[in-house]
Amino acid sequence: MSEQQNEQTRAEWPLYEVFVRSKRGLNHVHVGSLHAPDGQLALRHARDVYTRRNEGVSIWVVRSSEIVASSPEEKDPMFAPSGDKIYRHPTFYDIPADVPHM
Amino acid sequence: MSQATTTPSADALQELFDATVASNQRIEPRDWMPEGYRKTLVRQVAQHAHSEIIGMQPEGAWIGRAPSLRRKAILLAKVQDEAGHGLYLYSACETLGVSRDELTRLLLAGKQKYSSIFNYPALSYSDVGTIGWLVDGAAICNQVPLCRTSYGPYGRAMIRICKEESFHQRQGFELLMTMMRGTDEQRAMVQESVNRFWWPALMMFGPPDDDSPNSAQSMAWGIKRHSNDELRQRFVDMSVPQAEALGVTFPDPELRWNEQRGHYDFGTPDWDEFWQVVTGDGPCNAQRLAHRQRTYDEGVWVREAASAFAEKSRNENQERASG
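Residues numbered from 1 in each chain as written. Chains lettered and ligands numbered in written order. Predicted model: local features only at pLDDT ≥ 70, side-chain atom pairs only at ≥ 80, totals over all residues. Heavy atoms only, no water.

Novice: Can you lay out the overall build of chain A for me, pointing to particular residues and giving the numbers?
Specialist: Scanning chain A from N- to C-terminus turns up three helices and three strands. For chain A, the α and β elements follow one another from N to C terminus as α-β-β-α-β-α. Sequence separation of 24 or more characterises 40% of the internal contacts of chain A that already satisfy a separation of 6 or more. For chain A, the accessible area works out to roughly 7400 Å², and carbon and sulfur atoms hold 54% of it. (Helix = DSSP H or I, 4+ residues; strand = E, 2+ residues; numbered from the N terminus. Contact = heavy atoms within 4.5 Å. Areas by Shrake-Rupley, 256 points an atom, 1.4 Å probe, with all protein chains shown as cover.)

So, in structure tokens, the structure goes:
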């Protein structure tokens with residue numbers, strides 16, 4: 001393979017988003033991204049880049065192109081359904097202060 | 001990712017951006033942002049990422065010559081951290097719509113800069129200590145406020161980096177303390193190293209405020225939180241008592257405590273030298289880029305092998321699935 005072809009192969013390495021569970025009982029949290037030729041190598045790279053000091057007990061990687069996200073411009077309409085339902089919060093309900101364990 | 005279905009007016013977008021920055025909230029990758037803000041961030045984050053990667057060289061050269069297994073393990077871990085820091089920052093920079101390959105290409109073509117401090121050589125082993133103490137110390141001064149920078153991914157990368165940077169500074173200081181407890185020759189080596197690095201370390205904060213044309217806009221955008229001179233002063237004030245504890249002096253006859261200001265006065269760095277190094281004429285500029293180019297070229301087979309292995313695994317999986 002010529003060097004130019006190699007670099008073309010390299011340019012095709014997709015971007016992976018990395019999620020790390022810092023300890024048992026906690027959610028995986030997004031920590032950053034990296035490039036790798038496939039998921040297995042992305043995991044190995046993620047270990048070296050994002051968990052050099054015992055930051056994790058489990059890693060997820062996912063192709064960035066596979067993530068479906070809400071659009072920031074649609075912020076208001078997207079989240080409007082939860083905005084006007086104050087009865088979903090416990091503070092909506094008046095309970096006498098002397099009722100225990102409520 | 002899916003695109004917006006509604007397109008608000010340009011004014012509304014600018015207003016939302018301004019309000020977000022003004023209320024100290026973070027701008028995130030898919031938010032609308034002014035083109036100047038994006039360009040400034042790409043320049044700054046790329047410069048920062050390149051600095052971490054090029055910054056592996058002066059100390060990396062000492063790994064094979066470290067005086068003990070303990071020191072070698074520490075130095076290896078430190079240089080590996082620098083690589084990691086570079087990757088956190090490249091990852092942040094890519095969220096602004098530039099590709100990793102493009103960033104590497106711009107560095108190798110000399111079109112994006114890295115911190116001038118890495119264009120100075122590490123001549124003696126004590127430089128490993130001095131770089132940790134003063135160079136990483138100055139970097140920490142610069143980086144701690146950047147944890148609150150207005151661009152989310154950059155701030156998050158800085159938080160990770162700052163957590164790790166403290167080890168860098170402490171191992172350097174401890175190395176120097178050990179040498180200061182040694183022979184006269186070792187003490188002289190430390191002092192000579194400090195003499196060479198003090199002024200370049202002060203220059204790491206960039207040109208004086210009245211000669212730093214982009215600073216005001218960067219502060220207005222919340223990218224920078226403090227001016228160059230402010231951070232430089234903070235670094236001098238921090239470093240003097242550390243030098244006293246170590247038993248070394250800084251090569252500045254004007255350095256003295258100013259009771260009135262509550263700060264140390266200090267001399268003026270040689271800004272001609274600074275600009276000379278920035279524009280490519282420092283002691284190691286050519287060597288650093290040539291080395292980076294060489295390692296990039298020599299890494300071709302690794303990248304090729306990784307791609308080939310991934311391809312092979314994909315084929316095997318497909319065969320298994322169809323068989």
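Resuming the write-up.
Novice: Hey, could you go over the overall build of chain B for me, with residue numbers and the actual values?
Specialist: Counting secondary structure elements, chain B contains 13 helices and two strands. The principal-axis extent of the C-alpha atoms belonging to chain B is close to 70 × 55 × 35 Å. Put simply, chain B has 323 residues, and 51% of those count as buried. Here the contacts in chain B between residues at least 6 apart in sequence split such that 77% fall between residues at least 24 apart. If you sum the accessible surface of chain B, you get close to 15700 Å²; carbon and sulfur atoms cover 55% of it. The positive charge centre, built from 35 side chains, and the negative charge centre, built from 42, are 6 Å apart in chain B. (Buried < 20%, exposed > 50% of the residue type's maximum accessible area, 1.4 Å probe, protein only. Lys, Arg positive; Asp, Glu negative; His and termini not counted. Charge placed at Lys NZ, Arg CZ, Asp CG, Glu CD.)

Novice: Before we move on, can you summarise the confidence of the model for chain A with the specific residues and values?
Specialist: Confidence along chain A averages 86 in pLDDT terms, with 88% of residues attaining 70 or more. Mean pLDDT in chain A bottoms out at helix H1 (residues 3–11) of chain A, which sits at 50, and peaks at strand S3 (residues 58–63) of chain A, which reaches 98. (pLDDT = per-residue confidence, 0-100.)

Novice: Account for the packing of helix H4 (residues 69–94) of chain B against helix H5 (residues 100–108) of chain B, naming residues and giving values.
Specialist: Residue and element names in this part refer to chain B. Two elements in contact, H4 and H5, have axes separated by 9 Å at closest approach and are oriented at 115 degrees. On the basis of their axis angle, the class for H4 and H5 is roughly perpendicular. The two elements H4 and H5 meet at a crossing, and its hand is right-handed. Residue-level inspection shows Leu87, Tyr90, Ser91, Cys93 and Glu94 of H4 in contact with H5, the latter providing Arg100, Leu103 and Leu107. Split into classes, the residues belonging to the contact of H4 with H5 amount to five nonpolar, one polar and two charged. (Axes fitted to C-alpha atoms, helices over the stretch in contact; angles between N-to-C directions. Parallel < 35°, antiparallel > 145°, perpendicular 65-115°, else oblique. Left-handed = near helix turned anticlockwise from the far one by under 90°. Nonpolar A, V, L, I, M, F, W, Y, C, P; charged D, E, K, R; others polar.)

Novice: Can you explain the side chain of Glu52(B)? Please cite residues and give values.
Specialist: Residues and elements named next belong to chain B. Take Glu52: it is sitting in helix H2 (residues 35–54). Buried charge without a partner: Glu52 forms no salt bridge, and the closest opposite charge is Lys78, 8.4 Å away. In this structure, Glu52 is in contact with Glu82, His85, Gly86, Leu89, Gln143 and Ile161, ignoring residues within four places of it in sequence. (Salt bridge = Lys/Arg side-chain N within 4 Å of Asp/Glu carboxyl O.)

Novice: Talk me through the packing of aromatic side chains; I want residue IDs and the actual numbers.
Specialist: Residues and elements named next belong to chain B. Applying the stated criterion across every chain, the model contains 15 aromatic pairs over all chains. Here Trp133 and Phe173 contribute two aromatic rings whose centre-to-centre distance is 5.7 Å and whose plane-to-plane angle is 70 degrees, an arrangement assigned as edge-to-face. Pair noted here: Trp133 is in helix H6 (residues 126–146) and Phe173 is in helix H7 (residues 152–180), with a separation of 40 residues, a long-range link. Relative to Phe250, the ring of Trp198 has its centre 3.7 Å away and its plane inclined at 15 degrees; by these criteria the two rings are stacked. Placement of the pair is Trp198 in helix H8 (residues 184–203) and Phe250 in the loop between helix H10 (228–246) and strand S1 (256–258), with a sequence separation of 52 residues. For the pair shown, Trp198 and Phe250 are each scored as buried. A network of ring pairs unites the aromatic residues Trp133, Phe173, Trp198, Phe205, Phe235 and Phe250 as a single cluster. Positioned over the ring face of Tyr296 is Arg303, at 4.1 Å from the centre of the ring. (Phe/Tyr/Trp six-rings, centres within 6.5 Å; stacked < 30°, edge-to-face > 60°. Lys NZ or Arg CZ within 6 Å of the ring centre and 35° of its normal.)

Novice: Describe the sheet that holds strand S2 (residues 28–35) of chain A, listing the residues and the values that go with them.
Specialist: All names here are of chain A. Ordered in space as S2-S1-S3, the three strands form an open sheet in which the pairing is antiparallel. Looking at which strands have only one partner, the edges of the open sheet turn out to be S2 and S3. Averaged over all pairs of adjacent strands, the angle between strand axes in this sheet comes to 25 degrees, irrespective of strand direction. Where strand S1 (residues 15–21) and S2 come together, seven bridges link them in antiparallel fashion. For Val18, the partnering residue across the bridge sits in S2 and is Gly32. (Pairing = 2+ DSSP bridges.)

Novice: Describe H2(B), naming the residues involved and giving the relevant values.
Specialist: Across its 20 residues, H2(B) extends 28 Å between first and last C-alpha, which sits within 8% of the 28 Å expected from 1.5 Å per residue. H2(B) sits mainly inside the fold: 14 of its 20 residues count as buried. (Expected span 1.5 Å × (residues − 1).)

Novice: Please set out the nonpolar core residue by residue, giving values where relevant.
Specialist: Leu34(A), Tyr37(B), Trp133(B) and Phe235(B) are the most contacted members of the largest nonpolar core, which totals 82 residues. Ranked by residue count, the leading element in this core is H7(B), at 10 residues. By size, the runner-up hydrophobic cluster in this structure holds five residues, among which are Met203(B), Trp271(B), Phe274(B) and Val277(B). (Core = buried A, V, L, I, M, F, W, Y, C linked by side-chain atoms within 4.5 Å.)

Novice: How would you summarise the side chain of Ser33(A) if you had to cite specific residues and measurements?
Specialist: For Ser33(A), the location among the structural elements is in strand S2. The exposure class assigned to Ser33(A) is buried, which follows from its relative accessible area of 5%. For Ser33(A), the side chain forms a polar contact with the side chain of Ser91(B), separated by 2.9 Å. Excluding anything up to four places from it in sequence, Ser33(A) contacts Leu15(A), Tyr16(A), Glu17(A), Val18(A), Tyr50(A) and Ser91(B). (Polar contact = N/O pair within 3.5 Å; in protein donor to acceptor, adjacent residues only side chain to side chain.)

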